[in-house]
Structures are given as C-alpha cells and as structure tokens.
Amino acid sequence: MYKKGIYEIVSNRPLTDSVWQMVLAGDTQYLTAPGQFVNIAIEGCYLRRPISVCDYNENSITLIYKVVGRGTEIMSRMQAGEKLDVLTGLGNGFSLSAATERPLLVGGGVGVPPLYNLARKLKAAGKRVQVVLGFNRADEIFYADEFEALGVEVHIATVDGSVGVKGFVTDAMKALEFDYIYTCGPLPMLKAIYNASECDGEFSFEERMGCGFGACMGCSCQTTKGSKRICKEGPVLKRDEIIF
Amino acid sequence: MRDTSVVLSGLRLDNPVIPASGTFGYGADFREFYDINCLGSFSFKGTTKEPRFGNPTPRIAECESGLINAVGLQNPGIDAVIGEELPRLKEFFHKPVIANISGFSIDEYRYCCERIDREEQVGIIEVNVSCPNVRHGGMSFGTSPEAAAEVTRAVKEVTTKPVYIKLSPNVTDIVAIAKACEEAGADGLCLINTLLGMRIDTVRRRAVIANKMGGFSGDAVFPVAVRMVYQVSKACSVPVIGCGGVSSARDVIEMMMTGATAVEVGTANLRNPYACKEIVETLPVEMERLGIEKLSDIIGIVE
C-alpha cells in the first residue's frame, strides 16, 4: 500500500560536492521495509523524481540524493519549511527475515543510503553486520561516520586508494567472511559482486522510471521468474532471480 | 445534482472519464490508491495474442510537459488477461471495461477480439491500429485508410460488442482514415494515440530511449488532440472518444465541446496517480462554473 502526501522539508544540506541530504517531516506509515523509495513531484518537471529512503522513523524520512540533472538540481535549492508532494512506500525493499548471522552490506556511491536503515535494523536484530562502502575518492565519501555510529563494522574502498582499500568494493570484500549479501549501487558494481560471491543475497537495481508505482511498465526487467517492474516488484531482486 | 453521464454505443457511463490504455495496467495498481469504481470505465493495457516483454530499457524520456515512451506493448498475452486479470478485476471493478487489443497481423486482431468477445465485463473493444503491420513492410495499420478498414472489417466479423478504432496522429490525413474505419463498420473512434518523438542525451551523444524513437504524450499534445477530435467528429457520425494530453476537468469539457462523447486520460495518471479521481470529483464544480446542467448537452457544441 502506498500513498500521496504533503511533506515539509526539515533540512536540506550538502554532504559532498554533489550529494545532498534532505529530511522530510510527515506520515511514514506506508514505509514498511528498508530499501523502498519515494517519488517526489518537482515544480517545473513533468515526472516525479524517485529517491531511495536512507532512514525513517514515525514522523520523518531521510533522503540522500545526488545532483545529476535538472530535477535534483532544483531539489538542492529547496529550503527548510517548503512543502513537497511525495508518494511514499514504493518498491519492495530488502527482506530482514532472510538475513543470516553474518550479513554483508555493500554500497557504491549513491547506492549507500538505502543500506543505512537496513544496517540499523539488522544491528537491532542482533546480527553481526559488516558494511563495505565504495567511492571514487576521499572527498566523495559520506555517511561512513553514521554507519560507524550504529556500531557496525565499516570498510571503505576508494578507487584512487585515498581512503581504505584501494580499488573496488569487491577488493574490500576479499578479506571478509559473510554468508549473505545485501547490495545497492551502479549496475557494473552489482554484476561484479554477483560474480565475486557465491552466497545468497539481495541486489537493489536502478532503472529510469516513468510513474514509480507500476502503471507505465517503463522500468521492466527480465528475471528468472518472468518480467518484473523495478519500481513495483523491485527494486530489490533476490540473487536467484537475476539475469545479468 | 448535475448529470455527468454519457452513452457510448448504448453503454451508459456515470461520467466520461476513462483512464487510457497503457497508463492504468489492468486496474489493480490503482486500486491501491483509490476505489476505481468512481471512473466512467477504463481501457486496459494493450493486449496481444502472445505475451510480450516489449522493448529494452530505457523506455522513458521526460520532456517539457510530457514524456516519450517506447514500452513496446508489454503485456501478459490474451490467455493470461482472460484467465487471470479479468477474474481479478471483477472482484474490485463493477463496471464494463474497455478492452484494448493490439496485433501484428489481421489474424492476430481477429483472434484476440474473438476471445475477448466472450468476456462479460468487456463493454467495448478498442482496437489499437498503431502497431507495425508486418505484411505491409512495418508501416502501422493506422497509417493507411485501406489497412485500417481491413482491420475494422476483420474484427467486426468476430464480435457483437461495440468496436472502437484507436487512431494514430502520425498521419497526413486523419479524417480519411477515420472515415475508412466508419465505412468498414466501426462503432466509434478513439483519438489520438501518441505522437512519434525522440530525445537525445547530449552528454552521451545518443538517444535517451534504447529504441531511439517513441510515442510522445502528456499535457503538451492536448491542442493537437483537440484539433484532430474536432476534424474527425465533424466528418464522422460515430461517437469519438477524445484522448491526448487531458489532465483536468476543464480539459475534459473542452474535449467534449470539441466533439468527444467520452474522454480518456492517459499520461496524467503517471505523474499523479489520483488524476482521474480528481477529475471526476471536479467535473460537477466545473460544470457549475460554466452553467452546464447535463454534460452530454455540450458534445460537439463548437461549430
């Protein structure tokens, strides 16, 4: 079940040169799982902008978004106190019940945010949570401290080696022991993780969307279990559903 | 109480608001937003004989006041629609539905319409003639009066339900095609389908959509739709369902004054899932503002 509502911007601030954090106040009852997303109407844009949920509680939603085009550019100029028309509770999200004792969460770039609420909930469920966060350079890193503050084990990989393991998230994964993977990030990263791991897991995909709630069939993908809409039966697919 | 009802080929609708095919699935996705029984009817996703995945992604390109789609008629096929979607729909939608049928050959149109003819909940068959006609070199059935008439005749032979032909605007003379369909026995016409369009990603230096071109729809096409509904409704005597860029009760009334008996709302549903519900609720207010007692009185009132 999902719903359209009016949300007030509590804060909107940059975390890096191009990544912003926006906190919204409003009804969160339709958010039921980590890894779901919201779809925001933006004045001056025909379509809404789908943004993954980083964290939420009873009355607020934290979003982290990268400024990549006109819509997110407009979002970055919005001020606290402004109101937004938002559809919430979209997508399936990650499954908490599937987690084993030692889950590994792997995020790349703006694929990092949806793992935060997941990490918090897995930690609260008593799991030994390990997180690998991948970025290009030191100045692109965000939310590492927030993950640390949850009390989970955080590993960083940077392509230029300026922080943590030099290379990709798959390089940082080599030294770790885990028996389940949750991941979100660019398609090449998901594919590399799929090929570099054997254990079961859940992969969160990105696709250009029209409506975000299953009506337009714009974001369909082929899976081992027939076609699925990334916005509705996704964005999270189980490992055995994926066709790369 | 203002009267919003309209009649399409003997089928009485509580109001003229009909979500357009391809923007409303088979109804279930919108049931999660509101009770869709407030609608006049709705036109379900274009259905073909075999299941189709459609085109590769990306399939959507945003535009100024609209979007381009190249979904490529993704649908579960006529067997699944009859076996799964319609029985499910019956549980939460208690009005006649419009069955949108597509095909790549005359035989396919005929087969699907014959199958759907036996479905009680289907009130009207809407035949989409915008798909490429394999036998005629890939040009769509809807771009030639002869091919459109041929589809119409073939479909009329196998069904007793009203047949509406959904016309493409990507033609030189839409009136000639509309008249050919009417002469071939069409009970009504629906127009317009999407306008062929294209967008370029200037950073990547390639088309935004994997299929390169797609159908442009949304608010921006409204004036084109109004013009074509005007031309066709003046030239033909069968009812016209107006479609294209409608997003408000005001647009619905404009479309009806132009000549439409009922109005389909498409792309507006994708940016606001409550668009049709809001239009249905606003219609009486707008009628009051314009001094309209009975909505059907204004059909084609514009000279």
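Source: prediction; values computed, not measured. (Residues numbered from 1 in each chain as written. Chains lettered and ligands numbered in written order. Predicted model: local features only at pLDDT ≥ 70, side-chain atom pairs only at ≥ 80, totals over all residues.)

Things to note about the overall build of chain B
Then, number 1: The helix and strand tally for chain B stands at 9 helices and 15 strands.
Then, number 2: Relative to the compact-globule value of 19 Å for 303 residues, chain B shows a C-alpha radius of gyration of 18 Å, a close match.
Then, number 3: Scored against the burial criterion, the 303 residues of chain B give a buried share of 55%.
Then, number 4: The contacts in chain B between residues at least 6 apart in sequence include a share of 70% that link residues at least 24 apart. (Helix = DSSP H or I, 4+ residues; strand = E, 2+ residues; numbered from the N terminus. Rg over C-alpha atoms; globule rule 2.2 N^0.38 Å. Buried ≥ 20, exposed ≤ 12 C-beta atoms within 10 Å, placed from the backbone. Contact = placed C-beta atoms within 7 Å.)

Some remarks on the overall build of chain A
Then, number 1: Each helix and strand counted, chain A has 5 helices and 15 strands in total.
Then, number 2: Relative to the compact-globule value of 18 Å for 244 residues, chain A shows a C-alpha radius of gyration of 17 Å, a close match.
Then, number 3: The principal-axis extent of the C-alpha atoms belonging to chain A is close to 45 × 40 × 30 Å.
Then, number 4: In chain A, buried positions account for 46% of the 244 residues.
Then, number 5: When contacts within chain A are restricted to residue pairs at least 6 apart in sequence, long-range pairs at least 24 apart make up 60% of them.

A closer look at helix α2 (residues 78-92) of chain B
All names here are of chain B.
Then, number 1: When the terminal C-alpha atoms of α2 are compared, their 20 Å separation across 15 residues agrees well with the 21 Å that a helix rising 1.5 Å per residue should span.
Then, number 2: A bend of about 35° at glutamate 85 is the largest found in α2, and the proline proline 87 appears one to four places after it.
Then, number 3: Those residues of α2 not exposed but buried are Ile78, Val81, Glu85, Leu86 and Leu89.
Then, number 4: Buried residues in α2 make contact with β6 (97-101) and α3 (106-116). (Expected span 1.5 Å × (residues − 1). Bend = angle between axes of the 7 residues up to and from the residue.)

Looking at the confidence of the model for chain B
Close inspection of predicted coordinates is inappropriate for parts of the model with low pLDDT.
Then, number 1: When pLDDT is averaged across chain B, the result is 96; 97% of the residues are at 70 or more.
Then, number 2: The ipTM value of the predicted complex is 0.92, and its pTM value is 0.95. (pLDDT = per-residue confidence, 0-100.)

With respect to the domain arrangement of chain A
Residue and element names in this part refer to chain A.
Then, number 1: When cut into domains, chain A gives domain 1 (3-90) and domain 2 (103-241).
Then, number 2: For domain 1 and domain 2, the distance between their C-alpha centroids amounts to 20 Å.
Then, number 3: For the side of domain 1 that touches domain 2, the secondary structure elements donating two or more residues are β3 (37-40), β4 (49-56), β5 (60-66) and β6 (83-90).
Then, number 4: The dominant element in the side of domain 1 that touches domain 2, judged by the number of residues it contributes, is β4, at 6 residues.
Then, number 5: Residues that form the side of domain 1 that touches domain 2 fall into these classes: 12 nonpolar, 4 polar and 4 charged. (Domains from an automatic or database assignment. Nonpolar A, V, L, I, M, F, W, Y, C, P; charged D, E, K, R; others polar.)

Considering the packing of helix α4 (residues 145-158) of chain B against helix α5 (residues 174-183) of chain B
Residue and element names in this part refer to chain B.
Then, number 1: The N-to-C vectors of α4 and α5 enclose an angle of 30°; their axes lie 8 Å apart at closest approach. Regarding the angle of α4 to α5, the classification is roughly parallel. The crossing of α4 and α5 is right-handed. Across the interface between the two elements, Pro145, Ala148, Ala149 and Thr152 of α4 pack against Ala176, Ile177, Ala180, Cys181 and Glu183 of α5. (Axes fitted to C-alpha atoms, helices over the stretch in contact; angles between N-to-C directions. Parallel < 35°, antiparallel > 145°, perpendicular 65-115°, else oblique. Left-handed = near helix turned anticlockwise from the far one by under 90°.)

A look at the nonpolar core
Then, number 1: Leu189(B), Leu191(B) and Val263(B) are the most contacted members of the largest nonpolar core, which totals 164 residues.
Then, number 2: Lining this core are residues from two domains, each supplying at least three of them: domain 1 (3-90) and domain 2 (103-241) of chain A.
Then, number 3: Once residues lying within four places of it in the same chain are set aside, the contact partners of Leu189(B) are Tyr164(B), Ile165(B), Leu167(B), Ala178(B), Cys181(B), Val232(B), Cys236(B), Val238(B) and Val240(B). (Core = buried A, V, L, I, M, F, W, Y, C linked by C-beta atoms within 7 Å.)

Brief notes about helix α2 (residues 114-124) of chain A
All names here are of chain A.
Then, number 1: Every buried residue belonging to α2 is among Pro114, Leu115, Tyr116, Asn117, Leu118, Ala119 and Leu122, and all of these are buried.
Then, number 2: Looking at the buried residues of α2, the elements they touch are β4, β7 (103-108), β8 (130-135), α3 (144-149), β11 (180-184) and β12 (201-204).
Then, number 3: Two residues or fewer past α2, glycine 126 is found with a positive phi of approximately 85°.

Focus: the sheet that holds strand β13 (residues 213-217) of chain B
Residue and element names in this part refer to chain B.
Then, number 1: The strand order β4-β5-β13-β10 describes an open sheet built from 4 strands, whose pairing is antiparallel. This sheet does not close on itself; its edge strands, each paired only once, are β4 (60-63) and β10 (195-198). Going across the sheet, the axis of each strand differs from the next one's by a mean of 40°, ignoring polarity.
Then, number 2: With 3 bridges connecting them, strand β5 (residues 66-69) and β13 associate as antiparallel partners. When the bridges of β13 are listed, leucine 67 appears paired with serine 217. (Pairing = 2+ DSSP bridges.)

A closer look at the environment of Arg208(A)
Then, number 1: For Arg208(A), the position within the fold is in the loop between β12 and β13 (220-223).
Then, number 2: Residue class for Arg208(A) comes out partly exposed when judged on the 18 C-beta atoms lying within 10 Å of it.
Then, number 3: Apart from the residues within four sequence positions on either side, Arg208(A) is in contact with Gly218(A), Cys219(A), Thr57(B), Pro58(B) and Ile60(B).

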